[in-house]
Amino acid sequence: MDRGAVASEVARGAPSPGARHVPGAGLDPIFKAALYGCSGLILILLASIVVLLFYGGWPALSHFGPSFYWSTVWNPVTENFGAGVMIYGTLFTGILALIIAMPMSFGIAFFLTEIAPVSLRRPIGMAIQLLAAVPSIIFGMWGVVVVVPLMAAYVEPPLIALFSHIPVLTYLFKGPASGLGMLTAGIILAFMVIPFITAMFVEIIEAVPTMLKESAYGVGCTTYEVFRNVSVPYGRTALVGATMLGFGRALGETMAVTYVIGNANRISASLFASGSTIASTIANEFPDAPAGSLRNQSLLELGFVLFVISFIVLAISRLLVRTGVK
Amino acid sequence: MDRLARRRSVDYTMKAISSAFAVISLIALAWILFTLLQRGLPALSSDIFTKAISDGGLLNAIVGSLLMVALALVIGAPIGIMAGTYLAEAGRGSRFAAAVRFINDILLSAPSILIGLFVYQMVVVPTGGFSGWSGVVALAIIIMPVVVRTTEDMLSLVPIGLREAAFALGAPMWKVIVSVTWRAARTGIVTGILLSLARAAGETAPLLFTAFGNPNLTFDLGQAFPSLPAAINQLAQVPDPAQVSIAWAGALLITAGVLALNIITRVVLAPKK
């Protein structure tokens, strides 16, 4: 065995070669068991989340059948519930957030890795990271008092005037300019996930071998061309993974969305229409749904759906990032 | 325009757009802080710190938040450190560790409202009502994955030679980990704990149906328990402007605390590369 292999054996707790008696080694099994147990707890935790949400939502699913997933009715009075509107709203706002956040994160990563003076990179990068630390509810309150009025006064009316007469686009850009709705939620979500995506983009871009970049510069590429044709292709898989991670985070954001999405129970193709997401519906309605009621079970089933969607997205994201960055 | 000039202008344009994007994000952060100061500062009177929500202050919410986060830390951080240590030391390269690492990454990004639902099902329903303890459990589950991740990252930065040297002196594994590896990675682990604390302190969604909130000062974790985020959420939605401005004062306090923790960990405790 070479030195590294011995070292890693030793690091795993094997007695070092040559040691005959290690005083205090009797505690090792206990310590190891504690380490093992705490790790096992993580697995048990995730398993219990799956089981409890499934178990809690099962009565609703068996009552409404699989049509629960696409039914767009949500009526507490008639006790008729379906997840269609919320699944649509969750994906719609998540995709909107991604459409805004991805180019911006690319730009910021380009700025932080290639353009900004070296002395400014850390402070600016840190300031952008601080956006991620701002609690979700603060984004929501800020959204209501700042972004919503801005959207209603300056963004939505001109967009409606511009696009509402063009055949296909009219569906996207119609409706009253209330400021609340899908687009506003998408924008706020975008700002919430930009720090996560950017941080990973920067890490991935920095992992590109300098020699590759230098050779591209050597044949006369501009900074942007090197970024676009060398760095991005090199880290493609990981970059897609990082984007998925942002998407996964956007899907589950609760408080910020709850404040600005308008909380209407309908599906509309319009960017300005009010809607609701799975998370916002749970946040709004759970306190009014007594334990054991059909409404309560339907909300738990919604939670289970959100869990499954985010699990799939996050799992794909982790796999891509891991295979992409070595 | 010749080819070179066109390529140069594309380069210039993309650089300008990218810089603009960075500036836009910074403006968003500055704007949020400005709005918080503008609306929160005027309401920040001594009443905020001396009276409960029922009397027009936030004292009970502040105390409640501090207490719940502290207890959550006491539960979540040790488990997180142990699990992170397992991943970096004992389980290095094993399949079980790979599974734990993967699941921990999922938990780290999982929607926090689902943690709330989970704890509601696990604690609130069986015990028959909202309680401070259920809030503590929910926050502990938020804290754990963050600590696991940073602990593992920091421990893997500790040079293998340090461990070898300790083992060569005849130290058993637990002693090497406790007095050598943990010691070497101490700052990093503390950073992780502080970051997890900052995250837990700002969480609202998992508290909505666990600790719920309480307008009075209480230390009884067996009943509905106040917290700053839940209080902000309730006060912000009341039509009364006085209540709303108290909510903004709370929002300012919590954001200032969370950002201060983040800045401290990033500037003071950040590992030197």
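Residues numbered from 1 in each chain as written. Chains lettered and ligands numbered in written order. Predicted model: local features only at pLDDT ≥ 70, side-chain atom pairs only at ≥ 80, totals over all residues. Heavy atoms only, no water.

As recorded by an unreviewed UniProt entry, chain B carries the name Phosphate transport system permease protein PstA and is attributed to Labrys monachus. Turning to chain B, the UniProt record has this under Sequence similarities (unreviewed entry): "Belongs to the binding-protein-dependent transport system permease family. CysTW subfamily." (UniProt positions renumbered as here; feature names shortened; annotations may be inferred.)

Trainee: Even after reading the chapter, I still don't get the overall build of chain B, so can you show me in this structure?
Mentor: Assigned secondary structure in chain B consists of 11 helices and 0 strands. The principal-axis extent of the C-alpha atoms belonging to chain B is close to 70 × 65 × 35 Å. Burial statistics for chain B: of 273 residues in total, 55% are counted as buried. Contacts in chain B between residues far apart in sequence, at least 24 positions, make up 75% of those at least 6 positions apart. Total accessible area computed for chain B in this model is approximately 11200 Å², and 68% of it derives from carbon and sulfur atoms. Within chain B, the 12 negative side-chain charges are centred at a point lying 12 Å from the centre of the 19 positive side-chain charges. (Helix = DSSP H or I, 4+ residues; strand = E, 2+ residues; numbered from the N terminus. Buried < 20%, exposed > 50% of the residue type's maximum accessible area, 1.4 Å probe, protein only. Contact = heavy atoms within 4.5 Å. Areas by Shrake-Rupley, 256 points an atom, 1.4 Å probe, with all protein chains shown as cover. Lys, Arg positive; Asp, Glu negative; His and termini not counted. Charge placed at Lys NZ, Arg CZ, Asp CG, Glu CD.)

Trainee: It is not clear to me how the packing of aromatic side chains should be interpreted in this structure. Could you clarify?
Mentor: A ring pair, where both rings are aromatic, is described by two values, the distance of the centres and the angle of the planes. Residue and element names in this part refer to chain A. In the structure shown here, the tally under the stated rule is 22 aromatic pairs over all chains. Judged by centre distance (4.6 Å) and plane angle (40 degrees), the rings of Phe-106 and Phe-201 are tilted. Taken together, the residues span a long stretch of sequence, with Phe-106 in helix 3 (residues 84–115) and Phe-201 in helix 7 (residues 182–206) at a distance of 95 residues. We classify Phe-106 as partly exposed; its relative accessible area is 22%. Through a chain of ring-to-ring contacts, three or more aromatic side chains come together here, namely Phe-64, Phe-68, Tyr-69, Trp-74 and Phe-81. (Phe/Tyr/Trp six-rings, centres within 6.5 Å; stacked < 30°, edge-to-face > 60°.)

Trainee: Looking at this model, I keep getting lost on the UniProt feature "domain: ABC transmembrane type-1" (unreviewed entry) in chain B. Mind explaining?
Mentor: The UniProt record annotates "domain: ABC transmembrane type-1" (unreviewed entry) at residues 62–265 of chain B. For residues 62–265 of chain B, helix accounts for 76% and strand for 0%, while the C-alpha atoms at its two ends are 22 Å apart.

Trainee: What is the right way to read the interface of chain A and chain B from this model?
Mentor: Contacts between the two partners involve 89 residues from chain A and, on the opposite side, 88 residues from chain B. Carbon and sulfur atoms make up 79% of the area that chain A and chain B hide from each other, which totals about 8100 Å². Across the contact surface, chain A and chain B share 3 salt bridges. For Asp-105 of chain B, the salt bridge goes to Arg-322 of chain A, with nearest N and O atoms at 3.1 Å. Viewed at the interface, chain B and chain A are joined by 12 residue pairs in polar contact (both at pLDDT 80 or more). Ranked by residues supplied to the side of chain A that touches chain B, first place goes to helix 2 (residues 28–64) of chain A with 19 residues. Residue composition of the side of chain A that touches chain B, by class: 63 nonpolar, 17 polar and 9 charged. (Buried area = accessible area lost by both parts, 1.4 Å probe. Salt bridge = Lys/Arg side-chain N within 4 Å of Asp/Glu carboxyl O. Polar contact = N/O pair within 3.5 Å; in protein donor to acceptor, adjacent residues only side chain to side chain. Nonpolar A, V, L, I, M, F, W, Y, C, P; charged D, E, K, R; others polar.)

Trainee: Could you clarify how one ought to interpret the side chain of Thr-170 of chain A in this entry?
Mentor: Residue and element names in this part refer to chain A. Position of Thr-170 relative to the elements: it lies in helix 6 (residues 169–172). In this structure the side chain of Thr-170 is engaged in a polar contact, spanning 3.2 Å, whose partner is the backbone oxygen of Ser-164. Not counting the four nearest positions on each side in its chain, Thr-170 is found in contact with Phe-163 and Ser-164.

Trainee: Honestly, the UniProt feature "transmembrane region" (unreviewed entry) in chain B in this entry has me stumped. Any pointers?
Mentor: Residue and element names in this part refer to chain B. When the UniProt feature table is mapped onto this chain numbering, "transmembrane region" (unreviewed entry) sits at residues 12–37, 57–81, 102–124, 130–148 and 246–269. Summarising residues 12–37: 100% helix, 0% strand, and an end-to-end C-alpha distance of 37 Å. This span, residues 57–81, is 92% helix and 0% strand, and a straight line between its end C-alpha atoms measures 37 Å.

Trainee: Can you walk me through the confidence of the model for chain B in this structure?
Mentor: Caution applies to low-pLDDT regions: their predicted coordinates should not be interpreted in detail. Summary statistics for chain B give a mean pLDDT of 93 and a share of 98% for residues scoring 70 or more. Confidence metrics for the complex model read pTM 0.92 and ipTM 0.93. (pLDDT = per-residue confidence, 0-100.)

Trainee: Honestly, the nonpolar core in this entry has me stumped. Any pointers?
Mentor: A general feature of soluble globular proteins is that nonpolar side chains tend to end up buried together. If you look at the biggest cluster of nonpolar residues, it comprises 185 residues, and the most contacted ones within it are Phe-139, Ile-278 and Ile-282 of chain A together with Leu-58 and Ile-113 of chain B. Per-element accounting of this core gives the leading share, 17 residues, to helix 7 of chain A. With residues up to four places along the chain from it excluded, the contact list for Leu-58 of chain B reads Asp-47, Ile-48, Lys-51, Ile-53, Leu-228, Ala-231, Leu-235, Ile-246, Ala-249 and Gly-250 of chain B. (Core = buried A, V, L, I, M, F, W, Y, C linked by side-chain atoms within 4.5 Å.)

Trainee: Got a minute to help me understand the packing of helix 13 (residues 294–324) of chain A against helix 5 (residues 112–127) of chain B in this structure?
Mentor: The axes of two packed helices give the description: the angle between them and the distance between them. Remark: helix 13 of chain A packs on helix 5 of chain B, axes separated minimally by 10 Å, with the N-to-C direction vectors making an angle of 135 degrees. By the angle between their directions, the pair helix 13 of chain A and helix 5 of chain B is classed as oblique. Helix 5 of chain B is crossed by helix 13 of chain A, and the crossing has left-handed handedness. Within the contact between the two elements, helix 13 of chain A uses Asn-296, Leu-299, Leu-300, Gly-303, Leu-306 and Phe-307 of chain A and helix 5 of chain B uses Ile-113, Leu-114, Leu-117, Tyr-120 and Gln-121 of chain B. When its residues are assigned to classes, the contact of helix 13 of chain A with helix 5 of chain B shows 8 nonpolar, 3 polar and no charged. (Axes fitted to C-alpha atoms, helices over the stretch in contact; angles between N-to-C directions. Parallel < 35°, antiparallel > 145°, perpendicular 65-115°, else oblique. Left-handed = near helix turned anticlockwise from the far one by under 90°.)

Trainee: What am I meant to see in helix 6 (residues 132–155) of chain B here?
Mentor: Along an α-helix, a turn takes 3.6 residues, which lines up residues three or four apart on a common side. A rise of 1.5 Å per residue sets the reference length of helix 6 of chain B, with its 24 residues, at 34 Å; its end C-alpha atoms lie 33 Å apart and thus fit the reference within 8%. Within helix 6 of chain B, 20 of the 24 residues are buried, leaving the element largely enclosed by the surrounding structure. (Expected span 1.5 Å × (residues − 1).)

Trainee: Hey, could you run me through the environment of Arg-163 of chain B in this one?
Mentor: Residues and elements named next belong to chain B. In this fold, Arg-163 is placed in helix 7 (residues 160–168). On a C-alpha basis, the gap between Arg-163 and Ile-53 in space is 53 Å, while along the polypeptide they are 110 residues apart. Here Val-158 takes part through its backbone oxygen, which lies 3.4 Å from a polar atom of the side chain of Arg-163.

Trainee: Before we go on, may I ask you to explain the confidence of the model for chain A in this structure?
Mentor: Chain-level statistics for chain A give a pLDDT mean of 90 and a share of 92% at 70 or above. Predicted confidence in chain A is weakest over helix 1 (residues 3–11) of chain A, with a mean pLDDT of 65, and strongest over helix 3 of chain A, with 96.

Trainee: Where do I start with a nonpolar patch on the surface in this structure?
Mentor: Taken together, Leu-150, Tyr-154 and Val-155 of chain A together with Val-23, Ile-27, Trp-31 and Phe-34 of chain B make up a surface patch of nonpolar side chains, about 660 Å² in accessible area. Secondary structure elements with two or more residues in the nonpolar patch: helix 5 (136–163) of chain A together with helix 1 (3–40) of chain B. The dominant element in the nonpolar patch, judged by the number of residues it contributes, is helix 1 of chain B, at 4 residues. (Patch = residues over 30% accessible without salt bridge, like charges linked within 9 Å, V, L, I, M, F, W, Y side chains within 5 Å.)

Trainee: Even after reading the chapter, I still don't get the environment of Ile-124 of chain A, so can you show me in this structure?
Mentor: With respect to the helices and strands, Ile-124 of chain A occurs in helix 4 (residues 118–133). For Ile-124 of chain A, a relative accessible area of 14% puts it in the buried group. Each C-alpha atom of the pair Ile-124 of chain A and Gly-140 of chain A lies 24 Å from the other, and the pair is 16 residues apart in sequence. Excluding its chain neighbours within four sequence positions, the residues that come into contact with Ile-124 of chain A are Phe-111 and Leu-112 of chain A together with Leu-26 of chain B.

Trainee: How should I be thinking about unusual backbone geometry in this particular structure?
Mentor: Glycine aside, negative phi is the norm for most residues, and most peptide bonds take the trans geometry. Residues and elements named next belong to chain A. If you check the backbone angles, Glu-79 has positive phi at about 55 degrees while not being a glycine. Summarising the element assignment, Glu-79 is placed in the loop between strand 1 (74–75) and strand 2 (80–81). For Asn-263, which is not glycine, the phi torsion reads 50 degrees and is therefore positive. Take Asn-263: it is sitting in the loop between helix 11 (255–260) and helix 12 (278–285). Residue classification places Asn-263 among the partly exposed residues on the basis of a relative accessible area of 35%.

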